[in-house]
Number of protein chains: 2
Amino acid sequence: MPTTRFMDVALEEARLAGARGEVPIGAVVVKDGAIIARAGNETRALNDISAHAEILAIRRASAVLSDERLAGADLYVTLEPCTMCAAAISFARIRRLYYGASDEKGGGVEHGARFYAQPTCHHAPDVYSGIGEADAAALLKDFFSQKR
Amino acid sequence: MPTTRFMDVALEEARLAGARGEVPIGAVVVKDGAIIARAGNETRALNDISAHAEILAIRRASAVLSDERLAGADLYVTLEPCTMCAAAISFARIRRLYYGASDEKGGGVEHGARFYAQPTCHHAPDVYSGIGEADAAALLKDFFSQKR
């Protein structure tokens, strides 16, 4: 399955999150060419500020593999991870990070903390951005324009 | 209950975590002078890289209050929060952050990402460090020296 197909699944999770009234962001963890976990944001449903799509997908993948570290696994997420998630992705030893839209206000990969460039970051994934960017950005824009 | 007593409870959680084979770090969430949640690290037990003491304490406090945001609550933790937890503490709108030992290698408050000083940080707690520092540092030093 090519890169864009995995991102399509992450976008589907983002749409489902939006339909539940959550910020529409989705993530997928892939290992050996197969999806092992997928998630959308659930911060409201779970009353948990850490329940971002990336952290939920990592948690679920760790449960599937019975391993808190996901060496060799890749993560696809529709938006540039925030600083919390950027660090979580590092801790989980994710090999490659693919993300859609950039997040100037809250991103922690190419904005702000730029965690993977810090001396306190002990594992940095390879980062590929801009995949499915237009769809991911449109989902978020529609969501926030409807809320206003 | 004065500040040092709350940190003593966090240190007790750190000791309990160490006894379970987890990295000995503990955290407590306090609101209106009362402890509403406490936790030690559980990353190994839960196979969850996000199960740091701070995030578990915040999650439990949010469950108790049925609110993902903990405005007016304070967090006590035995070690300088990592970048992931520093961001989670911001997202939870914690009012004051008290921590014990500094963490040059992995801290995200006064080291590395220095999240609260970033333009992508939209709420910064008041930070007080060095409370119970010697006890917190000794617990970690003993734990890692026993592992070697």
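On a predicted model such as this, the values are computed, not experimentally measured, just so you know.

The rules behind each value
Residues numbered from 1 in each chain as written. Chains lettered and ligands numbered in written order. Predicted model: local features only at pLDDT ≥ 70, side-chain atom pairs only at ≥ 80, totals over all residues. Heavy atoms only, no water. Least-squares fit on C-alpha atoms with pLDDT ≥ 70 in both. Contact = heavy atoms within 4.5 Å. Buried area = accessible area lost by both parts, 1.4 Å probe. Salt bridge = Lys/Arg side-chain N within 4 Å of Asp/Glu carboxyl O. Polar contact = N/O pair within 3.5 Å; in protein donor to acceptor, adjacent residues only side chain to side chain. Phe/Tyr/Trp six-rings, centres within 6.5 Å; stacked < 30°, edge-to-face > 60°. Helix = DSSP H or I, 4+ residues; strand = E, 2+ residues; numbered from the N terminus. Pairing = 2+ DSSP bridges. Axes fitted to C-alpha atoms, helices over the stretch in contact; angles between N-to-C directions. Buried < 20%, exposed > 50% of the residue type's maximum accessible area, 1.4 Å probe, protein only. Expected span 1.5 Å × (residues − 1). Arc of directions from axis to C-beta.

Novice: Which parts of the structure should I look at to understand the relation of the copies chain A and chain B?
Specialist: For the pair chain A and chain B, the superposition axis carries a translation of 0.0 Å, the fit reaches an RMSD of 0.0 Å, and the rotation angle comes to 180°. In symmetry terms, the pair is related by a two-fold rotation axis. Looking at the rotation axis and the C-alpha trace of chain A, the residue lying nearest is Met84 of chain A, at 2.0 Å.

Novice: How do you make sense of the interface of chain A and chain B when you look at a structure like this?
Specialist: Interfaces are often described in size by the accessible area the parts lose on coming together. Counting residues at the interface gives 32 residues for chain A and 32 residues for chain B. Across the chain A/chain B interface, buried area totals approximately 2400 Å², and carbon plus sulfur atoms make up 64% of it. Its largest share of buried area at the contact with chain B, chain A owes to Asn47, Ile49 and Glu68 of chain A, together 28% of the area lost on that side. Viewed at the interface, chain B and chain A are joined by 2 salt bridges. For Arg59 of chain B, the salt bridge goes to Asp48 of chain A, with nearest N and O atoms at 3.2 Å. Run the count over chain A and chain B and you get 8 residue pairs in polar contact (both at pLDDT 80 or more).

Novice: Can you walk me through the packing of aromatic side chains in this structure?
Specialist: Aromatic ring pairs are defined here through the distance separating the ring centres and the angle between the ring planes. For the structure shown, the criterion picks out 10 aromatic pairs over all chains. Arranged with centres 5.2 Å apart and planes meeting at 50°, the rings of Phe6 of chain B and Tyr76 of chain B form a pair that is tilted. With Phe6 of chain B in helix α1 (residues 3-19) and Tyr76 of chain B in strand β3 (residues 74-79), the pair connects residues that are 70 residues apart, well separated along the chain. Chaining the aromatic ring pairs together yields one cluster made of Phe6, Tyr76, Tyr98 and Tyr128 of chain A.

Novice: Quick question: what am I supposed to make of the sheet that holds strand β3 (residues 74-79) of chain A here?
Specialist: Across a sheet, strands are paired by hydrogen bonds formed along the backbone, either parallel or antiparallel in direction. Residues and elements named next belong to chain A. The 5 strands are arranged β2-β1-β3-β4-β5 in an open sheet whose pairing can be described as mixed. Lying at the two open borders of the sheet, with one neighbouring strand each, are β2 (34-40) and β5 (126-129). The mean inter-strand angle of the sheet, taken between neighbouring strand axes irrespective of direction, is 15°. Both strand β4 (residues 96-101) and β5 contribute to a ladder of 4 bridges, which runs parallel. The residue of β5 that forms the bridge with Leu97 is Val127. Running at roughly 140° to β2, helix α3 (residues 53-65) makes contact with β1 (26-31), β2 and β3 of the sheet.

Novice: Which parts of the structure should I look at to understand the sheet that holds strand β5 (residues 126-129) of chain B?
Specialist: Residue and element names in this part refer to chain B. The 5 strands lie next to each other as β2-β1-β3-β4-β5, forming an open sheet whose pairing is mixed. Unpaired on one side and paired on the other, β2 (34-40) and β5 mark the two borders of the sheet. On average, each strand axis in the sheet is tilted by 15° relative to the strand beside it, whichever way the strands run. Sheet analysis places strand β1 (residues 26-31) next to β3, joined by 4 bridges and oriented antiparallel. Residue pairing in the sheet places Val30 in a bridge with Asp74 of β3.

Novice: Explanation requested: unusual backbone geometry in the structure shown.
Specialist: All names here are of chain B. In this model, Asp32 sits at a positive phi of 50°, which is unusual for a non-glycine residue. Position of Asp32 relative to the elements: it lies in the loop between β1 and β2. Even without glycine at this site, Ser66 takes up a positive phi of about 50°. Relative to the helices and strands, Ser66 is located in the loop between α3 (53-65) and β3. On the basis of relative accessible area, Ser66 is assigned to the exposed category, the value being 54%.

Novice: What is the right way to read helix α5 (residues 133-147) of chain A from this model?
Specialist: In an α-helix there are 3.6 residues to a turn, and that puts residues three or four apart on one side. Residue and element names in this part refer to chain A. Taking 1.5 Å of rise per residue, 15 residues should cover 21 Å, and α5 covers 21 Å from first to last C-alpha, within 8% of that figure. Listed in full, the buried residues belonging to α5 are Ala136, Leu139, Leu140 and Phe143. One face of α5 carries all of its buried residues, which in axial projection span an arc of 90°. Opposite the buried face of α5, by more than 90 degrees, sit the exposed residues Ala134, Lys141 and Gln146. As for α5, its buried residues are in contact with α1 (3-19), β3 and β4.

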